[in-house]
Amino acid sequence: MTWNIPNILTLLRLLAAPGVAIMFLYFARPWADWFALILFVVAATTDWVDGYLARAWKQESKFGAMLDPIADKAMVVIALLVICGFSGMNPWILLPATLIMFRETFVSGLREFLGDTAGTLKVTKLAKWKTAAQMTAIAVLFSTGAFETYFEMSVEGMDGATVDAILSGELPDEGGIGWKLNGAYYSWWIGIILLWSAMVLTVITGADYLRKAMPFLSDK
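These lines cover the structure that appears in this document, whether it is placed above or below. (Residues numbered from 1 in each chain as written. Predicted model: local features only at pLDDT ≥ 70, side-chain atom pairs only at ≥ 80, totals over all residues. Heavy atoms only, no water.)

1. With respect to the nonpolar core
Counted only if it meets this: Take the buried Ala, Val, Leu, Ile, Met, Phe, Trp, Tyr and Cys residues and link them wherever side-chain atoms come within 4.5 Å; each set so joined is a nonpolar core. Think of it in three bands: with a 1.4 Å probe and only protein chains considered, a residue is buried below 20% of the maximum accessible area for its type, exposed above 50%, and partly exposed in between. We count a stretch as a helix when DSSP gives it H or I for four or more residues in a row; a strand needs E for two or more, and each element gets its number in order from the N terminus. Only heavy atoms enter the contact rule, under which two residues are in contact if any of them lie within 4.5 Å.
Ranked by size, the top nonpolar core spans 33 residues in total, and within it Phe40, Leu80, Ile138 and Phe142 carry the most contacts. Of all the secondary structure elements, the ones that give two or more residues to this core are helix H1 (5-26), helix H2 (31-56), helix H3 (62-86), helix H4 (91-114), helix H5 (125-154) and helix H7 (177-217). Among the elements that take part in this core, H3 stands out by supplying eight residues, more than any other. Not counting the four nearest positions on each side in its chain, Leu80 is found in contact with Ala97, Ile100, Met101, Ile138 and Leu195. Counting five residues, the second-largest nonpolar core is a separate cluster that includes Val155, Val163, Ile166 and Ile177.

Now the structure itself:
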């Protein structure tokens, strides 16, 4: 193993993956949502930084090439599990999350089976766009969880008629429930659009990797 700054950043990103879930064990919401969002965004940023530094400083290594996709997959899979949990297994999130996790597991299995010939499944530009779309969607959906919690805290103890009156403008919105509800609504739809876009890219790149691996899977 080569210990340099790019590889250390990659390792830290891998360690940050379970940290996203741990935030919900030690902090109450919405703080857990914000801490998870910050940790995820900072870790996701290192995905670009470590690659840039490795190329700029000519410090590319086999260890880094091996660890980088593992760290990305761990971050995405763990974060999606957390989001599925606090979304109440919403099918709009559960379906794309399931396909994304299936694809990541499938491609990892292909690479493990191919062994020395796994270089056939090099990361493509479309796969990099897929990862970027996944991470952006996850970050947005973490903010949705925070907005929803703020809204629920603000309307606690209110009856439905009072909430409706505030949202319609009949009563003053002193608690800011309007912008909290709007934040939850718009961030949810933006996150869903990004997540389904990531799912499409995930399926396409997974099929491409399978096509490239087929010659090595034949018994002939």
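Text resumes after the structure shown.
2. Describing a nonpolar patch on the surface
The criterion, for reference: Each patch groups residues whose relative accessible area exceeds 30% and which form no salt bridge, using 9 Å between like charges and 5 Å between nonpolar side chains of Val, Leu, Ile, Met, Phe, Trp and Tyr. Each accessible area is a Shrake-Rupley result for a 1.4 Å probe, and residues are judged covered by the shown protein chains and nothing else. Whenever a carboxyl oxygen of Asp or Glu lies within 4 Å of a side-chain nitrogen of Lys or Arg, that contact is scored as a salt bridge.
Taken together, the side chains of Ile22, Leu25, Tyr26, Phe27, Trp31, Phe35, Ile38 and Val42 present a nonpolar region at the surface, about 880 Å² in accessible area. When residues of the nonpolar patch are traced back to their parent elements, those giving at least two are H1 and H2. When residues in the nonpolar patch are grouped by element, the largest group, four residues, is from H2. Relative to the elements of secondary structure, Val42 occurs in helix H2.

3. A word on the side chain of Ser154
Applicable threshold: A 3.5 Å cut-off defines polar contacts: any pair of N or O atoms within that distance qualifies, except that in protein one atom must be a possible hydrogen donor and the other a possible acceptor, and neighbouring residues in sequence count only when both atoms are side-chain atoms.
Examined against the element boundaries, Ser154 turns out to sit in helix H5. A polar contact of 2.9 Å, which involves the side chain of Ser154, links it to the backbone oxygen of Tyr150. A polar side-chain atom of Ser154 sits 2.6 Å from a polar atom in the side chain of Lys180. Those residues in contact with Ser154 that sit more than four places away from it in its chain are Gly175, Ile177 and Lys180.

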